[in-house]
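A look at the structure
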Amino acid sequence: ICRMFPPLSKISIFFVTITAVRIPLVFAFGGVLSRLLPTFMWLEGGERRSARGVSLAIGLGTLAVALPMGAVAAAIGGPAVTLLFGEAFRPTWWLAAGGTVGVLLATGSIIMQQLLIARGEEARGLVAWAAGLAASAGAVAIAPGSATARCVVGLLTGLGVALFALVLAACLPAATRPRAW
């Protein structure tokens, strides 16, 4: 059980790193996410094929942004976090990279959830998030290494599975709903 709980200093470094990654996203996406729902509802009123195309574009676009940004974070994340929060919070290169990729996967997943809400298929999103949670817990339980390394593996595994499941859910045919009397 002791293997599951890292020292408090490691927990602080993990959370500070995730916070540092989220700062630019808050500024970049400030009010964008709340404005996506009406756009997706408009799109949903159109041809179903275009909604599938948008789903795939969001999923692939998320990966196309997350992976190179993870490489950038591996190179400059440690110094950037140190500049913002001090030397005591300097993350390893893999924590900076993993945290960055994880936050970007989460952002893409939230956008995909908005698309499912616009379609009236929130339950599919719930299933996708549950699959991500299960995958994350499994990864943390079986991954080797320190508790921090297992948390990063769990973060990436869970959010990767959730994003995949959300894209898949959005590409499936619309669920049939009973007609009103």
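The notes below deal with the structure included here. Bear in mind that the values here come from a model prediction, so they are computed numbers and not experimental data. (Residues numbered from 1 in each chain as written. Predicted model: local features only at pLDDT ≥ 70, side-chain atom pairs only at ≥ 80, totals over all residues. Heavy atoms only, no water.)

A word on the overall build of the protein chain
- Looking only at helices and strands, one finds six helices and zero strands in the protein chain.
- Along the protein chain, helices and strands appear, N-terminal first, in the series α-α-α-α-α-α.
- Taking all 181 residues of the protein chain together, the buried fraction comes to 39%. (Helix = DSSP H or I, 4+ residues; strand = E, 2+ residues; numbered from the N terminus. Buried < 20%, exposed > 50% of the residue type's maximum accessible area, 1.4 Å probe, protein only.)

Here's the deal with the packing of aromatic side chains
- Counted according to the given criterion, the structure contains one aromatic pair.
- Ring geometry for Phe14 against Phe15: centres 5.5 Å apart, planes inclined by 90 degrees, an arrangement best described as edge-to-face.
- Assessed through its relative accessible area of 13%, Phe14 is described here as buried.
- For Phe15, a relative accessible area of 52% translates into the label exposed. (Phe/Tyr/Trp six-rings, centres within 6.5 Å; stacked < 30°, edge-to-face > 60°.)

A few points about the packing of helix H4 (residues 93–118) against helix H6 (residues 147–171)
- Here H4 crosses H6 at 25 degrees, and the two axes come no closer than 9 Å. The angle between H4 and H6 falls in the class roughly parallel. The two elements H4 and H6 cross, and the hand of that crossing is left-handed.
- In the contact of H4 with H6, the residues fall into 19 nonpolar, eight polar and no charged. (Axes fitted to C-alpha atoms, helices over the stretch in contact; angles between N-to-C directions. Parallel < 35°, antiparallel > 145°, perpendicular 65-115°, else oblique. Left-handed = near helix turned anticlockwise from the far one by under 90°. Nonpolar A, V, L, I, M, F, W, Y, C, P; charged D, E, K, R; others polar.)

Some details on the pattern of salt bridges
- What the rule picks out here adds up to three salt bridges.
- Residue Arg119 pairs with Glu121 through a salt bridge whose shortest N-O separation is 3.2 Å.
- For Arg119, a relative accessible area of 6% gives the class buried. (Salt bridge = Lys/Arg side-chain N within 4 Å of Asp/Glu carboxyl O.)

A short note on the side chain of Gln113
- With respect to the helices and strands, the residue Gln113 is situated in helix H4.
- Given a relative accessible area of 14%, Gln113 falls into the buried group.
- Those residues in contact with Gln113 that lie beyond four places of it in its chain are Glu122, Gly125, Trp129 and Leu166. (Contact = heavy atoms within 4.5 Å.)

Quick look at the environment of Leu84
- Here Leu84 lies in helix H3 (residues 48–85).
- Since its relative accessible area comes to 54%, Leu84 is described here as exposed.
- Residues Leu84 and Val16, 68 residues apart in the sequence, show an inter-C-alpha distance of 9.6 Å.

Some remarks on the packing of H4 against helix H5 (residues 122–142)
- At a closest axis distance of 7 Å, the pairing of H4 and H5 adopts a crossing angle of 150 degrees. Viewed along their axes, H4 and H5 adopt a mutual orientation that is roughly antiparallel. Contacts between H4 and H5 pair Ser109, Ile110, Gln113, Leu116 and Ile117 from the former with Glu122, Arg124, Gly125 and Trp129 from the latter.

Brief notes about the side chain of Ser109
- Along the chain, Ser109 turns up in helix H4.
- Taking the relative accessible area as the measure of exposure, Ser109 reaches 0% and is therefore buried.
- If sequence neighbours within four positions are ignored, Ser109 has contacts with Trp129, Leu159, Ala162, Leu163 and Leu166.

What is shown is where atoms sit, not what they do.
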